[in-house]
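Chains, contacts and geometry: an overview
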Amino acid sequence: MKKSIALIIIIIVIIIVGGFFIMRSNKTKQVSTANITESNILQNESTDNKTEEKIDNNKTEGKSVAVIYFSATGNTKQVADLIKEEINADIYEIIPKEKYTSEDLNYGDDTTRATREQKDKNARPEIENSIDVSNYDVIFLGYPIWWGDVPKIILSFMDNTNLDGKTVVPFCTSGSSGISTSENTLKSYNDNINWVKGNRFSGSASKENIKTWIDSLELNFPGQNNVGEISMNEFIIEVNGRDLIVKTENNSSTEALIEKLKDGNVVINANEYGNFEKVGSLGFSLPTNNKQMTTKAGDVVLYQGNSISLFYGPNSWSYTKLGEIENVDEDKLKSILGDGNVKLTLKLK
Ligand SMILES: Cc1cc2nc3c(=O)[nH]c(=O)nc-3n(C[C@H](O)[C@H](O)[C@H](O)COP(=O)(O)O)c2cc1C
């Protein structure tokens, strides 16, 4: 009897002690589950932070500048990255469908791929990715010099991409060759682009080299800190290689035009009309401040809110005067503008 009482007591003790340990271990589990949940939350928070950081860094999103480049061995990529950093632009790589191997790039051998492509005027190597440039006004286009010129894949890119009316700044890297032959190729490949004088870099260009060059361009980049002051009372019409300075009227139309030009140049294909003006569509509308007027040589006006007319002779109509070209008379302006249609590039200094 005593024995069985002792056994019962031992069993009870075992149950109590066992229950205590089970409860403890459950409690520990709960704590550690809570810890896991907490660490998940922390992880999520840090993911959120990363997203925020990405958005913060991408200051040019929705704005107007992109760096687009092709690089076979990394030199042009390095320069492209520095430009991106300097102006805080978006960046895209032109990726060949068939990657260039080191054998393809061996230009000591006439039979290798890159050399054959460069010698074939119709070669247009395929591109793997498509790059949407529709939101950009200014594009930095980078490439290595191959046989003194642009690699043919850059022409493939231009075939695939509508760059008309955009401002494009070429840049290249090379062993020693300059950029001008490739610039001429690009210009003659698409003349509807506002080409800005480009620059050649060595593969080891520094951040300082890039900054100095970009500052010298005097373009207005949304992400760049040191944008120069833009004079609000003048803009330039580039025509047939000449810069005509337009002193602006003080009205809401010129204010809106100057704002637009801060985002990039505007290219107008202007038609000869009436023996007194060149007129063409802006491609967007501006506020009007129309008044009946008789034009004189050098007057620049807004016509129907969305076209620019540059007058070299008199006409009476209701226009919004935008400004006057400085230091020109009828004969001088006629000789600059020529007889037929002309391309007018509106830009800021
Ligand atoms: C096929 C080929 C042709 C080249 N032709 C020239 C040339 O004519 N002049 C020159 O200075 N460098 C030439 N180079 C050297 C490249 O321009 C230079 O290494 C460039 O920085 C490479 O840029 P990446 O690394 O972005 O591809 C050539 C390179 C290759 C692969």
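What this report covers is the structure whose coordinates are included nearby. (Residues numbered from 1 in each chain as written. Predicted model: local features only at pLDDT ≥ 70, side-chain atom pairs only at ≥ 80, totals over all residues.)

Overview of helix H2 (residues 75-87)
Think of an α-helix as 3.6 residues a turn; residues three or four steps apart then line up on the same face. Where we set the bar: Each helix is a run of DSSP H or I of at least 4 residues and each strand a run of E of at least 2, with the numbering of both proceeding from the N terminus. Helix span, expected: 1.5 Å multiplied by one less than the number of residues in the helix. Exposure criterion: with C-beta atoms placed from backbone coordinates, a residue whose C-beta has 20 or more other C-beta atoms within 10 Å is buried, one with 12 or fewer is exposed, and one in between is partly exposed. Think of it this way: build a C-beta for each residue from its backbone, and any pair within 7 Å is a contact.
Across its 13 residues, H2 extends 19 Å between first and last C-alpha, which sits within 8% of the 18 Å expected from 1.5 Å per residue. Looking at H2, one finds that the buried residues are Asn 75, Thr 76, Val 79, Ala 80, Leu 82, Ile 83, Lys 84, Glu 86 and Ile 87. Against the buried residues of H2 lie strand E1 (65-69), strand E2 (90-93), strand E3 (138-144), strand E4 (167-173), strand E6 (199-201) and helix H6 (207-217). Following H2 by one or two positions, Asn 88 adopts a phi angle in the positive range, close to 60°.

Overview of the site of the ligand
Heads up, the condition is: Whether a residue is near a molecule or strand depends on its C-beta atom, placed from the backbone, lying within 6 Å of it. For this scheme, ten residues count as nonpolar: Ala, Val, Leu, Ile, Met, Phe, Trp, Tyr, Cys and Pro. Four count as charged, namely Asp, Glu, Lys and Arg, and the remainder, Gly too, count as polar.
Residues in close proximity to the ligand total 22 residues, the closest being Ser 71, Thr 73, Asn 75, Thr 76 and Pro 144. Where the shell around the ligand is concerned, the elements lending two or more residues are H2 and helix H3 (113-119). Of the residues that constitute the shell around the ligand, the class distribution is eight nonpolar, 13 polar and one charged.

Quick notes on the pairing of strand E9 (residues 266-273)
Here is the rule: The pairing criterion for strands is at least two bridges between them, as found by DSSP.
Of the strand pairs in this sheet, E9 and strand E15 (residues 342-347) are connected by five bridges, and their pairing is antiparallel. Counted as the bridge partner of Ile 268 is Leu 344 from E15. Two elements, E9 and strand E10 (residues 277-281), share three bridges in a ladder whose sense is antiparallel. Considered in E10, the bridge of Asn 271 is made with Val 279. If you look at the hairpin formed by E9 and E10, you'll find three residues sitting between the two strands, and Gly 274 has a positive phi there, around 65°.

Things to note about unusual backbone geometry
Notably, Trp 147 is not glycine yet its phi reads approximately 50°, a positive angle. If you trace the backbone, Trp 147 turns up in the loop between E3 and helix H4 (152-160). On the neighbour-count criterion, Trp 147 (14 C-beta atoms within 10 Å) is partly exposed. Phi is positive for Gln 304, which is not a glycine, with a value near 55°. Checked against the element boundaries, Gln 304 lands in the loop between strand E12 (299-303) and strand E13 (307-311).

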